[in-house]
Amino acid sequence: MSESLPPTPVGLSLVMYQNWEEVAPNVAVFETKLCHELATCLQTDLQRVELVRTEKGTQQVNVSGKSFYPTISHINLLVPLQGGSDTRAAQELEAQALSLLKDEHSVLYRSREIQIRQIFVHEYYPPQRSSAPVTKQKTIPANEGEDAIVIDEGVVGPRRLEVTFVRARHLPKMDTLGTVDPYCKIKYGSIAHQTSTKMRNYNPDWNEAFTFEVDDVSHPPKGPLQIEVMDYDTLSAHDLIGVIEISESRINNVLCAPIGWEETKDRKIMDSKKKAVVGQDKQESIVTVKFKVLEPNPKQLEAWNAKQKAQTVSKPAPAAPVPSVPAAATQVQVQAAPTQAKPAARFVGPRQLHMTIIDGEHLPKMDTIGTVDCYCDVFYGEQSWSTLPQMNTYSPKWNQSETFKVDASKDSPDLKIVVMDYDRLTANEKIGVISIPWGQMNSIIRSDPGSLYDETKEYKIINNQGKEVIGHDKKPSIIRIRLWINEVSATKTAATAPAAVAAKPVEEKHGLTLTIIQGQHFPKMDVTGTIDGYCDVVYGEQKWSTSPQMNTYNPKWNQSETFKIDPSKDSPELKIVVMDYDKITRNDYVGTVTIPASQMTTIVRSSQYDETKELKLINDKTLKEVLGNDKLPATLTIRLRHTGSSSVPKPTKPTVDSALEKAKKDAEEAAIREGIARAQAEQRIMFERAQYLDQAAQEARRIEELRAAEEARRWAKAQEDRAQRELWQQRPQPVPEPVVWPPPPPSVPPPPPPPPQQKQQYVPPPPPPPVFYAGVPPPPPGEPPRPPPGSPPLRVLLSHAAETTQSTKVDMEYRCNMMELIAMETHAIETLHVR
């Protein structure tokens with residue numbers, strides 16, 4: 001009776017007649033389709049189809065008159081065996097796979113996209129599982145609001161957990177003058193991720209996935225998985241909306257679930273008091289989160305296998321048979337078809353990967369007022385780099401380069417380029433991603449020493465849904481990138497390079513590496529912020545710029561650039577101009593750091609030079625130190641390091657003629673410097689004179705405007721007075737009232753009776769003196785005086801007196817205004833004379 005054995009991984013190498021140049025840009029889609037068709041066609045009791053890597057073939061093939069490099073994929077199939085050995089299972093699987101090529105009803109035979117022509121079976125990877133029996137499954141019942149889950153008992157090894165933030169609903173109002181700007185932060189163990197920010201949205205949709213790699217599910221990270229829902233604020237600290245926490249036991253059970261298990265669930269957001277957060281529509285706030293268990297990537301498997309080998313004594317693997325290729329598998333003409341797929345060459349030692357982001361085209365519109373302010377964030381393993389933003393253009397041109405350190409003896413990580421839109425006041429927005437998988441990167445960094453990789457390609461930008469980003473002109477958005485490899489050392493060992501290549505000497509060039517580390521005590525340059533500092537470096541004809549560090553008085557760059565130098569010649573000066581980046585207006589000048597040519601020549605000719613300096617910023621116009629916001633001198637910390645060969649040519653002994661020539665050259669340089677200084681002084685004087693004339697012209701325009709305004713006021717007042725006089729002249733004449741003469745005598749009350757104690761009689765007061773009018777004879781005795789004939793009544797006289805007083809008042813106001821205007825003109829003229 002045959003003994004039951006655990007599932008065993010069997011390796012396949014598939015040689016496919018697909019042009020590698022056509023497969024490479026979309027290798028991930030090709031690999032997914034290949035795994036699906038293999039799992040459909042190989043009707044054995046397979047538990048898993050695992051793609052190890054896809055790479056370029058080593059020799060060209062000729063199909064239909066076209067020569068190209070084929071595509072080779074290495075695959076592991078996890079096959080359960082019933083007795084026998086791994087070699088026997090491999091032979092049976094080979095026979096079954098080759099027979100599928102002859103079957104006209106097979107998907108592989110009918111597929112035109114995946115044309116397999118040769119299959120080689122070998123043990124590509126050692127067994128990934130121990131010789132323990134196949135694990136049993138166990139059901140964990142639902143508890144604490146979590147659903148029931150089926151897990152594998154006793155499972156060990158690496159796995160990946162994918163967490164997808166789908167959406168959020170019913171979020172609360174967090175901003176005084178707005179709604180809420182939500183984003184999520186997730187942390188598990190020592191790894192943390194963050195979603196993008198959705199501005200002014202109570203019901204945001206993210207659909208963003210993050211992956212957590214677990215080295216061994218039997219020893220997972222300690223602690224729960226915590227999700228923080230945050231509100232983004234531009235000018236203040238970000239506010240916490242609430243927290244979602246998945247317990248440690250639940251996460252451990254999820255990691256032990258079968259490969260491919262997934263769960264999508266609405267989870268409530270809890271506040272600090274463990275109560276559900278209530279949204280602006282009086283409903284409980286929720287976040288929809290999706291969990292999915294994925295297979296480990298090849299890097300994790302390689303580390304796990306190495307760990308298992310170190311713990312146990314490995315047994316020698318049986319020799320893999322060399323299969324014979326039947327005639328049906330070679331119907332197409334093949335030039336020097338390989339009898340066995342050879343893995344990519346492995347080189348020992350470091351290399352340098354150079355990357356230049358050239359330009360982009362057909363980018364989408366991202367700004368409400370404007371187009372798009374595009375920049376790129378590059379991630380290669382633990383190394384990262386960012387380009388400068390190109391403002392307000394759909395076709396940015398960067399031409400910026402960066403060098404990454406690589407080790408050709410190890411597998412390369414993925415190269416990820418995140419294309420972003422820069423926003424000054426809000427969070428930067430993500431446009432899409434360009435990802436070059438690790439298999440393709442391995443082919444690049446392990447290219448043959450005789451023909452190192454150097455190629456420029458156009459890459460399409462992919463959004464979060466895995467679709468192409470469509471630009472403003474309805475065309476796919478692209479970024480043009482150049483990648484090339486060079487060696488670090490000058491010679492190759494016999495084990496890693498052919499003799500002809502190793503014998504060829506590689507000339508190493510001299511270089512001066514400048515690292516701008518940080519700045520301190522920078523001045524305030526923005527009205528609503530601090531300063532967005534960046535540096536423009538000029539060294540002869542070579543130029544370089546750092547990326548801006550936003551809203552900080554103490555920026556930290558830690559960015560480097562290497563300049564070409566020639567120690568046999570005099571070096572030019574090194575000039576670093578510190579600028580303040582502005583999104584809408586022109587960038588502002590902050591200060592300059594200059595290292596003179598004489599000092600730079602000494603540095604260039606010193607092969608071991610490596611020094612870090614802290615230099616003060618100088619204003620070129622005033623030639624004074626730049627003072628920061630804290631009244632301290634602004635400084636810039638840089639590092640200069642000489643790279644290249646140590647054999648610097650020694651200067652020859654000067655002769656009389658050379659001394660005269662040098663003195664003449666120094667005199668000419670001094671005269672040139674003096675002329676430049678004189679020209680700068682004259683330019684400064686002309687600038688100040690132009691400023692003075694501009695101010696004088698502005699003052700004259702202001703006085704002229706005041707004078708014109710006063711003339712207009714006078715004219716309006718005169719028109720108003722004229723209209724009032726015309727109205728007065730056209731007024732209806734009042735009808736004189738009849739005068740009753742003589743008027744009735746006034747009624748004089750009788751005098752009060754004298755008190756009893758008074759005995760003397762009452763004496764009436766004398767009558768008032770008579771009033772006489774000019775030119776009128778006095779009245780007869782006993783009659784009151786009469787007014788002259790034809791004179792107006794008394795009320796008319798009083799009204800006329802009031803009008804006369806009002807006219808006098810207006811005239812006085814006019815005179816006061818005129819005196820104030822004359823005083824202002826006199827003061828302005830005296831100010832101009834003083835300047």
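These figures come from a predicted structure and were not determined experimentally.

Chemist: Provide a residue-level description of the overall build of the protein, including the pertinent values.
Modeler: A count of helices and strands for the protein gives 11 helices and 32 strands. Buried residues in the protein amount to 36% of all 835 residues. The contacts in the protein between residues at least 6 apart in sequence include a share of 71% that link residues at least 24 apart. When the accessible surface of the protein is summed, it comes to about 50800 Å², and 54% of that surface belongs to carbon and sulfur atoms.

Chemist: Run through the pairing of strand β13 (residues 225–231), naming residues and quoting values.
Modeler: Of all 7 residues in β13, 5 are buried; the element is thus mostly enclosed. As paired elements, strand β10 (residues 182–188) and β13 share 6 bridges and run antiparallel to each other. Each residue of the ladder has a partner; that of K187, found in β13, is Q226. Relative to strand β14 (residues 239–246), β13 is paired through 7 bridges, and the arrangement is antiparallel. Along β14, the bridge assignment pairs I227 with I244.

Chemist: Quick rundown of the confidence of the model for the protein? Include the residues and the values.
Modeler: For the protein, mean pLDDT is 76; residues scoring 70 or higher make up 73% of the total. Throughout residues 81–88 the model reports pLDDT below 50, and contacts reaching past four residues in sequence, or to other chains, amount to 15 contacts.

Chemist: Outline the nonpolar core, listing residues and values.
Modeler: Counting 37 residues, the largest nonpolar core has V163, F165, L225, I227, V287 and F291 as its most contacted members. Those elements that place two or more of their residues in this core are β8 (149–152), β9 (159–169), β10, β12 (205–214), β13, β14, α5 (248–255) and β16 (286–294). Once residues within four sequence positions are removed from consideration, V163 is found in contact with I186, E208, A209, F210, F212, L225, V289, K290 and F291.

Chemist: Outline helix α9 (residues 597–604), listing residues and values.
Modeler: Among the residues of α9, those classed as buried are M600, T601, I603 and V604. Seen end-on, α9 carries its buried residues on one side only, within an arc spanning 160°. Of the exposed residues in α9, the ones pointing more than 90 degrees away from its buried face are S598 and T602. Buried residues belonging to α9 abut β25 (511–520), β26 (533–539), β29 (574–580), β30 (588–595) and β32 (635–643).

Chemist: Let's hear about the packing of aromatic side chains: which residues, and what values?
Modeler: Throughout the structure, instances matching the rule amount to 6 aromatic pairs. Between F165 and F210, the ring centres sit 6.1 Å apart and the planes meet at 70°, which makes this aromatic pair edge-to-face. Of this pair, F165 sits in strand β9 while F210 sits in strand β12, and the two are 45 residues apart along the sequence. Each member of the pair, F165 as well as F210, carries the same accessibility label: buried. Look at F522 and W557: their rings are 6.4 Å apart centre to centre, the planes differ by 50°, and that puts the pair in the tilted class. Linking F522 in the loop between β25 and β26 with W557 in strand β28 (residues 556–564), this pair joins segments that are 35 residues apart in sequence. Just as F522 is buried, W557 falls in that class too. Stacked on the ring of Y69, the Lys or Arg K56 has its end atom at 4.3 Å from the ring centre. Over the ring of W484 we find R482, and its NZ or CZ is 3.9 Å from the ring centre.

Cut-offs used in this document
Residues numbered from 1 in each chain as written. Predicted model: local features only at pLDDT ≥ 70, side-chain atom pairs only at ≥ 80, totals over all residues. Heavy atoms only, no water. Helix = DSSP H or I, 4+ residues; strand = E, 2+ residues; numbered from the N terminus. Buried < 20%, exposed > 50% of the residue type's maximum accessible area, 1.4 Å probe, protein only. Contact = heavy atoms within 4.5 Å. Areas by Shrake-Rupley, 256 points an atom, 1.4 Å probe, with all protein chains shown as cover. Pairing = 2+ DSSP bridges. pLDDT = per-residue confidence, 0-100. Core = buried A, V, L, I, M, F, W, Y, C linked by side-chain atoms within 4.5 Å. Arc of directions from axis to C-beta. Phe/Tyr/Trp six-rings, centres within 6.5 Å; stacked < 30°, edge-to-face > 60°. Lys NZ or Arg CZ within 6 Å of the ring centre and 35° of its normal.

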